[in-house]
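Notes for the structure review
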Amino acid sequence: MTSSLPDGASLAFGVATAAYQIEGATAEDGRGPSIWDTFTARPGTVRDGRDGSVACDSYHRYDEDLDLVAGLGAGWYRFSIAWPRVLPEGNGRVESRGLDFYDRLVDAVLARGVSPTATLYHWDLPQALEDLNGWLNRDTAEAFADYAAVVHDRLGDRVRVWATHNEPWCAAYLGYAAGVHAPGRREGGAGHRAAHHLLLAHGLAAARLHDAGADDVGIVLNLAPFWPEDPDDPTLVAATDQIDAVRNRVWLGPLVDGRYDDGLLEVAPELAEPDLVRDGDLALVQGSADWLGVNYYTPFRTARPGAAETHPEADAYPGTSPVSFVVREPRTDIGWEVDASGLEQLLIDSHRRTGLPVLVTENGAAYPDVTLDDQDRIAYLRDHIAATRRAREAGADVRAYVVWTLLDNFEWAEGYTKTFGIVHVDPRDQSRTPKASFHWLAEHISDSGVG
Ligand code: IFM
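So, here's what we can say about the structure. (Residues numbered from 1 in each chain as written. Predicted model: local features only at pLDDT ≥ 70, side-chain atom pairs only at ≥ 80, totals over all residues. Heavy atoms only, no water.)

1. Re the pairing of strand β7 (residues 291–295)
Most of β7 sits inside the fold, with five of its five residues counted as buried. Inspection of the sheet shows β7 paired to strand β10 (residues 358–362) by four bridges, in the parallel sense. From the neighbouring strand, V294 faces β10, where its bridge partner is V360. (Buried < 20%, exposed > 50% of the residue type's maximum accessible area, 1.4 Å probe, protein only. Helix = DSSP H or I, 4+ residues; strand = E, 2+ residues; numbered from the N terminus. Pairing = 2+ DSSP bridges.)

In structure tokens:
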């Protein structure tokens, strides 16, 4: 087995994007509809009422975007593949024009001396599969594995680092329990069921990719540190532990131990149902990841219910005792507290827990686009890169730091109102202008001597 991950001798750098957030061209070259096309068409689902039909038009402008990646000096470009471009109905018929697009994209990445890393699922489930009950249907996991094999068959000679899912917690719990993401279902325990099928999908796909010769198949999780405001309050500590189970341990338990732990099963009895969790499912997931992607933005400070803010995603923790969330200053424009020590802790803990090489697959900040001189974003990136380096010094095997994100883009339920890009995109003519953070990062990468 030969790994193509960054070797870790020094911290590697990359930049990330996702298909629905940047590509646009949702009706082009035979792409089928995804759950995000359907969800965004429903009034009231997205803050500014907009959608990803044009986004950053990167489907047509990817050469320009990759020039920016190369100009940044980043060694890695993390992008996602839109399942409905490749299989418009989710399974069965392959749309070769969709595969052709990613073929050209990968060649264009490599031509610039950058390494591609592809995520197979960044939330754009083909609507045809949602019509059959989406991630609540076990068949979706099988369909995902077939899709993964089709994509790997075409790109696997050049893409060596694969991620199955991006933030499956969001797909499961924001999509099926809280209903704030597509498909917009608010069905409580359905979040747990979706989570199991997402994990199964990961396990099935990882097995197919490994069989096809892939050595570096990972999964990207938005793990989060939860800090009780009063660590001596046993009720609060117990409630926080439940939240941690639904956010973090639901993934790490199966991946590392091949089981859902008892504390999780208390709040998520669905995960003990033999019809849902069948013999062999968890064994398939255990040990299936060669690397772990960690996406980090903010820590979560918990308090007794009513003592602080109700979390906007409170429904995304079905079965848990209620808590409220204390959000300290400074905050980014999306209301997330800035605290880089959460990243340091998370990296140390996740490496210790999994024993896997870890990549920071996303980290970045939303700040209003009033000026291109985004000193606030520079400070955020500087502090979080430093935290990543501290985690490495403490012994965590962290190989790369990947910035979220290259371009101001479609920020899901926030529409275009929250901008995370290090490059500004003018919605009137799609022109791209690097912000001060882009130039700062380019200099930092160049000073570090690695891409
Ligand atoms: O934009 C998202 C991305 O798609 C997944 N991780 C978090 C980012 C910021 O919210």
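So much for the structure itself; the text now carries on.
2. Overview of the environment of A82
If you trace the backbone, A82 turns up in the loop between β2 (76–80) and α4 (83–86). A82 gets classed as buried once you look at its relative accessible area, which sits at 1%. Along the primary structure A82 and H197 are separated by 115 residues, whereas in three dimensions their C-alpha atoms are 19 Å apart.

3. Side note on the pattern of salt bridges
The full count for this structure, using the stated rule, is 39 salt bridges. Notably, a salt bridge pairs R93 with E89, separated by 3.1 Å at the nearest N-O pair. On the accessibility criterion, R93 (43% relative accessible area) is partly exposed. Accessibility expressed as a relative area gives 36% for E89, which makes it partly exposed. Across the pair E344 and R390 runs a salt bridge, and its minimum N-O distance is 2.8 Å. On the criterion of sequence distance, the pair formed by E344 in helix α13 (residues 341–354) and R390 in helix α14 (residues 375–393) is long-range, its members being 46 residues apart. Through salt bridges with shared partners, a single ionic network connects D100, D103, D107, R154, D157 and R158. (Salt bridge = Lys/Arg side-chain N within 4 Å of Asp/Glu carboxyl O.)

4. A word on the state of the cysteines
One pass over the full model with this rule turns up zero disulfides. Left unpaired, C56 is separated from the closest cysteine sulfur, that of C170, by 19 Å. Residue classification places C56 among the buried positions, given a relative accessible area of 1%. (Disulfide = S-S within 2.5 Å.)

5. Brief notes about the sheet that holds β2
Backbone hydrogen bonds hold the strands of a sheet together, and the pairing may be parallel or antiparallel. Strand order in the closed barrel formed by eight strands is β1-β2-β3-β4-β5-β7-β10-β11, and the pairing between neighbours is parallel. Each strand of the sheet is rotated relative to its neighbour by a mean of 25°, with strand direction disregarded. Inspection of the sheet shows β10 paired to strand β11 (residues 398–404) by three bridges, in the parallel sense. Each bridged residue has a counterpart across the sheet, and for L359 the counterpart in β11 is A400. The strands touched by helix α8 (residues 168–176) are β3 (115–121), β4 (161–166) and β5 (216–221); relative to β5, the strand with the most contacts, the crossing angle is about 40°. (Axes fitted to C-alpha atoms, helices over the stretch in contact; angles between N-to-C directions. Contact = heavy atoms within 4.5 Å.)

6. Details of the site of the ligand
Near the ligand you find Q21, H122, W123, N166, E167, Y297, W336, E362, W404, E411, W412 and F420, and these make up its full shell. With respect to the ligand, the side chain of H122 contributes an N or O atom lying 2.8 Å from an oxygen atom. Between an oxygen atom of the ligand and a side-chain N or O atom of E411, the distance comes to 2.5 Å. Considering the ligand on its own, with 270 Å² of exposed area, one finds that the protein chains cover 95% of that surface. The cavity that encloses the ligand is the largest pocket. Classifying every residue of the shell around the ligand gives six nonpolar, three polar and three charged. (Near = heavy atom within 4 Å. Polar contact = N/O pair within 3.5 Å; in protein donor to acceptor, adjacent residues only side chain to side chain. Areas by Shrake-Rupley, 256 points an atom, 1.4 Å probe, with all protein chains shown as cover. 1 Å grid on protein atoms, 1.4 Å probe; cavity = no way out; pocket = protein on both sides within 12 Å on 5 of 7 lines; lining within 4 Å. Sits in = over half its atoms within 2 Å of the grid points. Nonpolar A, V, L, I, M, F, W, Y, C, P; charged D, E, K, R; others polar.)

7. Description of empty space enclosed by the protein
Over the atoms rolls a probe the size of a water molecule, and its path tells where empty space is left. Across all of its chains, the model carries five cavities of 30 Å³ or more by this definition. A volume near 100 Å³ is recorded for the largest cavity. In terms of lining residues, the largest cavity is bounded by 16 residues, among which I22, E23, S58, Y77 and L105 are the most central. Those elements giving two or more residues to the lining of the largest cavity turn out to be α1 (19–22), α3 (58–72), β2 and α5 (96–111). For the lining of the largest cavity, the leading source of residues is α3, giving five residues. Tallied by class, the residues present in the lining of the largest cavity amount to eleven nonpolar, three polar and two charged. Here the second largest cavity is characterised by a volume of approximately 40 Å³. Around the second largest cavity, the lining residues are I35, W36, Y121, W123, W135, C170, A171, Y176, H181, A182 and P183. Elements with a minimum of two residues in the lining of the second largest cavity: α2 (35–40) and α8. A per-element tally of the lining of the second largest cavity places α8 first, with three residues. (Points joined across faces, edges and corners; volume = space filled by probe spheres on them.)

8. Topic: the pairing of strand β1 (residues 12–16)
With respect to burial, β1 is a largely interior element, five of its five residues being buried. Covered by surrounding structure in β1 are A12, G14 and A16 together with F13 and V15, the residues of both alternating faces. Here β1 runs beside β11; their pairing, made up of five bridges, is parallel. Residue A16 lies in a different strand from β11, and its bridge partner there is W404.

9. A few points about helix α15 (residues 436–448)
The terminal C-alpha atoms of α15, which comprises 13 residues, lie 18 Å apart, in line with the 18 Å expected from a rise of 1.5 Å per residue. A436, S437, F438, W440, L441, A442 and I445 are the residues of α15 that are buried. The inward-facing, buried residues of α15 contact β1, α3, α14, β11, β12 (423–425) and β13 (432–434). Taken from the residues just after α15, G449 is the one with a positive phi, measuring 75°. (Expected span 1.5 Å × (residues − 1).)

10. Regarding the packing of aromatic side chains
Under the defined criterion, the tally for this structure stands at 30 aromatic pairs. On the numbers, 6.3 Å between centres and 65° between planes, the contact of W135 with F144 is edge-to-face. In this structure an aromatic cluster arises from ring pairing among Y20, W36, F39, W123, F410, W412 and Y416. Here the guanidinium or amino end of R85 rests over the ring plane of F101, the centre of that ring lying 6.0 Å away. Across the ring face of W169, the terminal group of R247 is positioned such that the distance to the ring centre comes to 4.2 Å. (Phe/Tyr/Trp six-rings, centres within 6.5 Å; stacked < 30°, edge-to-face > 60°. Lys NZ or Arg CZ within 6 Å of the ring centre and 35° of its normal.)

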